[in-house]
Amino acid sequence: MIRHLEEQNLEHAFYQLADRLIDSLHVGEHLTINLDSERSQFTRFNNAKVRQSGVVADGNVTISLIDNQREAYAEFPFTGDRAIDFTYATESLNYLRQEVAQIPENPYLVIPENQGSSREVYQGNLLPPEDAIATILAPINKIDFTGFYASGSIIRASANSAGQRHWFATDSFFVDYSMFVQTNSGEKAVKGIYAGKDWHTEGYQSQIARSQQQSVALQRPSKTVARGQYRTYFAPAASSELLNFLAWSVGEASFQQGSSALLKLKNQERTLSPLLSLSENFSYGNVPRFNNLGEVAPEYLPIISNGKLVNSLVSSRSAMEYGKEANGASGGESMRSPEVDAGNLAEANILQQLDTGLYLSNLHYLNWSDRTGGRITGMTRYACFWVEDGEFISPIENLRFDDSIYDFFGDNLEDLTDFREFIPNTGTYEKRSLGGILVPGMLAKKFTFTL
């Protein structure tokens, strides 16, 4: 109750600040004001012990001033104290007036509009801060548990000089962890993540138990797998790494400039599997629908339906430059709340359906090896196993792969799981990140490993 009262006070203070700035504008000036704020508990663990813990209350305001077809922006701390915030805001606005006069004109500048206001608040069931550490460590049984816990409320807000206002607040948490074990071939690890809005102790303990089972399996002698093509199952954490590459490739500007990895799909030169459907879905309340211009995206937008590209993400700038219709995309035109439809593969049947091949829990170091060709390279990591006749045989030494999205998301995609997992963005640089991707696991008939 206290926390949500604090959020209401912050909301009031932000709009007071926005009104003060807007009232001080000169004729011909336009202003957009954005707020990033959070109240978060952070705890770091090492060897199943607390190494760092604390609570962070932070906020920053970014203001963008448009005048005479020119734009400049500035950022300053948001404290919630009216006198302090007004001083920061006034100094920043005066600074921008000097800066904007020296900037070249932007022919694709987007003038703020009032397209309607919104207010969305998603309250979760988070662990009480005083109980969090004991609850997280309770199921850990004599193992080197290392990780990071973050929990609390995140706020995004926007206002502009045209009168538009948006407020978004959501509760969220994640436990991003690794379990390390010593083996004859060195130290190995199982990686896991438990995240959401509502904490369920039974669900967390079940996941920890699965990770501990994998850590036991990791102690078997490792198998060196020769380069080649293998049937491969990607657990949701691994499939999310590959599917995110699609979510970053659907911007209209990248299609127009010829840099998108999906350009051949758009031009119908290559195809993807009819099993694959990718959409932008804001209904889960993980991220705000409004972008940094205060423009609101559709609650649901299909991007790839049954393997066919049906929509791109179009920012207002791209709409102006290329004669398209904007759909609330951010300036970078990447997906902010992507989800991939589930398939038919039941969890109990994964190993049987895989039969003989590779079971990959995680991937890392991914990058494009040939963007226009849709080729992705990367490495296996953590708990990855060789499977024979539907049985785990041994962990594998790390492998590098190099394969095309038009192959493993195309004819080689055999099935997707009938369950999905939310893989959150766990970034905390400058501020705690929002959102993530909702994905199933995936089974490929063959996947190319190069060394």
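None of these values were measured; they are calculated from a predicted model.

What follows covers helix α3 (residues 129-137). Along α3, the positions that sit buried rather than exposed are Ala 132, Thr 135, Ile 136 and Leu 137. Buried positions along α3 lie against β1 (29-46), β5 (144-160), β6 (165-183) and α4 (201-217).

Moving on, we get to the packing of aromatic side chains. Per the counting criterion, the structure on display carries 27 aromatic pairs. With a centroid separation of 5.0 Å and an interplanar angle of 45°, the aromatic rings of Trp 199 and Tyr 204 are classed as tilted. Across the pair, Tyr 204 and Trp 199 agree in class, each one buried. Grouping aromatic residues by their ring pairs yields a cluster made of Tyr 230, Phe 234, Trp 386, Phe 401, Phe 408, Phe 409, Phe 447 and Phe 449.

A word on the nonpolar core. Grouped together as the largest cluster of nonpolar side chains are 48 residues, with contacts concentrated most on Leu 262 and Phe 409. Within the residue set of this core, elements represented by two or more residues are β8 (228-234), α5 (236-247), β10 (300-305), β13 (357-370), β14 (375-388), α10 (405-411), β17 (413-424) and β18 (436-449). What Phe 409 contacts, discounting residues up to four positions off in sequence, is Leu 242, Leu 243, Leu 246, Leu 272, Ser 273, Leu 276 and Met 442.

Further remarks concern empty space enclosed by the protein. In the structure shown here, the tally under the stated rule is one cavity of 30 Å³ or more. Put simply, the largest cavity is a space of about 50 Å³. Looking at the largest cavity, the residues that line it are Glu 280, Phe 282, Ala 297, Pro 298, Leu 301, Leu 313, Asn 327, Gly 328, Ala 329 and Arg 336. For the lining of the largest cavity, the residue count by class is six nonpolar, two polar and two charged.

Here we come to the pattern of salt bridges. Inspection of every chain in the model, using the stated rule, returns 13 salt bridges. The salt bridge involving Arg 156 is made with Asp 36; its shortest N-O contact spans 3.4 Å. Pair noted here: Arg 156 is in strand β5 and Asp 36 is in strand β1, with a separation of 120 residues, a long-range link. Measuring nitrogen to oxygen at the nearest pair gives 3.5 Å for the salt bridge that ties Asp 407 to Arg 270. You can see Asp 407 sitting in helix α10 and its partner Arg 270 sitting in the loop between α7 (263-266) and β9 (278-281), a full 137 residues away along the chain. Residue class for Asp 407 comes out partly exposed when judged on its relative accessible area of 27%.

Among the structural elements, Asn 286 can be located in the loop between β9 and β10. Using a relative accessible area of 17% as the deciding quantity, one classes Asn 286 as buried. Reaching out from Asn 286, the side chain makes a polar contact with the side chain of Lys 197 at a distance of 2.8 Å. Residues contacting Asn 286, with those up to four places away along its chain left out, are Phe 168, Thr 170, Lys 197, Phe 422, Leu 434 and Gly 435.

Glancing now at helix α2 (residues 82-100). Here α2 is 19 residues long and its end C-alpha atoms lie 26 Å apart, about the 27 Å a rise of 1.5 Å per residue gives. Taken together, the buried positions of α2 are occupied by Asp 85, Phe 86, Ala 89, Ser 92, Leu 93, Leu 96, Arg 97 and Val 100. All buried residues of α2 lie within an arc of 145° about the axis, which places them on one face of the element. In α2, the exposed positions that point more than 90 degrees away from the buried face belong to Ala 83, Glu 91 and Gln 98.

Another point: a negative patch on the surface. A cluster of like negative charges, contributed by Asp 355, Glu 388, Asp 389 and Glu 391, occupies part of the molecular surface. One can find Glu 391 in strand β15 (residues 391-395).

Backbone geometry at Asn 68 places phi at a positive 55°, although glycine is not the residue there. Classification of Asn 68 by relative accessible area gives exposed; the value is 52%.

Bringing the pairing of β18 into the picture now. For β18, a buried count of 12 out of 14 residues is recorded, marking the element as mostly surrounded by other parts of the structure. As defined by bridge partners, β8 adjoins β18 across six bridges and the pair is classed as antiparallel. Bridge pairing links Tyr 230 to Phe 447 in β18. In this structure, β17 lies alongside β18, joined through eight bridges in antiparallel fashion. Along β18, the bridge assignment pairs Pro 424 with Gly 436.

Analysis parameters
Residues numbered from 1 in each chain as written. Predicted model: local features only at pLDDT ≥ 70, side-chain atom pairs only at ≥ 80, totals over all residues. Heavy atoms only, no water. Buried < 20%, exposed > 50% of the residue type's maximum accessible area, 1.4 Å probe, protein only. Helix = DSSP H or I, 4+ residues; strand = E, 2+ residues; numbered from the N terminus. Contact = heavy atoms within 4.5 Å. Phe/Tyr/Trp six-rings, centres within 6.5 Å; stacked < 30°, edge-to-face > 60°. Core = buried A, V, L, I, M, F, W, Y, C linked by side-chain atoms within 4.5 Å. 1 Å grid on protein atoms, 1.4 Å probe; cavity = no way out; pocket = protein on both sides within 12 Å on 5 of 7 lines; lining within 4 Å. Points joined across faces, edges and corners; volume = space filled by probe spheres on them. Nonpolar A, V, L, I, M, F, W, Y, C, P; charged D, E, K, R; others polar. Salt bridge = Lys/Arg side-chain N within 4 Å of Asp/Glu carboxyl O. Polar contact = N/O pair within 3.5 Å; in protein donor to acceptor, adjacent residues only side chain to side chain. Expected span 1.5 Å × (residues − 1). Arc of directions from axis to C-beta. Patch = residues over 30% accessible without salt bridge, like charges linked within 9 Å, V, L, I, M, F, W, Y side chains within 5 Å. Areas by Shrake-Rupley, 256 points an atom, 1.4 Å probe, with all protein chains shown as cover. Lys, Arg positive; Asp, Glu negative; His and termini not counted. Charge placed at Lys NZ, Arg CZ, Asp CG, Glu CD. Pairing = 2+ DSSP bridges.

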